[in-house]
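Below, each chain spelled out in residue letters.
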Amino acid sequence: MAICKTLIKSLAGVRLQRIEHLARQQVVQSSWRLSTLRKNQPCSFADEMEAEDAFDMEVTASLTDPIIMTCSVVD
């Protein structure tokens, strides 16, 4: 089974990717993965709206994190 990863959004060191599991070039399963420069572990979501909301909250948290801001990694 092949996996296709697509970057949906990237801001302030936070990345949201869509992960698609493919079989015979058809999408079998989709999920969304949220990763950040903060010490939080990457999170996976089955629901796109839930992933988008988590992305927005993590961007806000990253923009107020003094360690992230001193690294100047704002996209």
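Here's a quick rundown of the structure.

Quick notes on the rules
- Residues numbered from 1 in each chain as written.
- Predicted model: local features only at pLDDT ≥ 70, side-chain atom pairs only at ≥ 80, totals over all residues.
- Heavy atoms only, no water.
- Helix = DSSP H or I, 4+ residues; strand = E, 2+ residues; numbered from the N terminus.
- Salt bridge = Lys/Arg side-chain N within 4 Å of Asp/Glu carboxyl O.
- Buried < 20%, exposed > 50% of the residue type's maximum accessible area, 1.4 Å probe, protein only.
- Core = buried A, V, L, I, M, F, W, Y, C linked by side-chain atoms within 4.5 Å.
- Contact = heavy atoms within 4.5 Å.
- Pairing = 2+ DSSP bridges.
- Axes fitted to C-alpha atoms, helices over the stretch in contact; angles between N-to-C directions.

### Looking at unusual backbone geometry
- Positioned with a positive phi, Ala 12 is a non-glycine residue whose angle comes to about 55°.
- Tracing the backbone through its elements, the reader meets Ala 12 in the loop between strand 1 (2-11) and strand 2 (14-23).

### What to know about the pattern of salt bridges
- Considering all chains together, one arrives at four salt bridges under this definition.
- Between Arg 38 and Glu 58 there is a salt bridge whose closest N-O contact spans 2.4 Å. Pair noted here: Arg 38 is in the loop between strand 3 (26-35) and strand 4 (43-45) and Glu 58 is in helix 1 (residues 48-63), with a separation of 20 residues, a long-range link.
- Residue Glu 58 is classed as buried on the basis of its relative accessible area, which comes to 9%.
- One network of salt bridges, with partners in common, ties together Arg 38, Glu 58 and Asp 65.

### Comments concerning the nonpolar core
- Counting ten residues, the largest nonpolar core consists of Ala 12, Val 14, Leu 16, Trp 32, Leu 34, Phe 45, Ala 51, Ala 54, Phe 55 and Val 59.
- Secondary structure elements with two or more residues in this core: strand 2, strand 3 and helix 1.
- Counting residues per element, this core draws most heavily on helix 1, which supplies four residues.
- Aside from chain neighbours lying at most four places away, what touches Phe 45 is Ser 31, Trp 32, Leu 34, Glu 50, Ala 51 and Ala 54.

### A look at the pairing of strand 1
- Pairing analysis gives nine bridges linking strand 1 to strand 2, with the strands arranged antiparallel. By the bridge assignment for strand 2, Ile 3 is matched with His 21.
- Where strand 1 hands over to strand 2, the hairpin turn is made up of two residues, of which Ala 12 adopts a positive phi near 55°.

### Description of the sheet that holds strand 2
- Strand order in the open sheet formed by four strands is 1-2-3-4, with antiparallel pairing between adjacent strands. Of all strands in the sheet, those with a lone pairing partner are strand 1 and strand 4, marking the two edges. On average, each strand axis in the sheet is inclined to that of its neighbour by 25°, with strand direction left out of account.
- Where strand 2 meets strand 3, nine bridges bridge the pair, whose relative direction is antiparallel.

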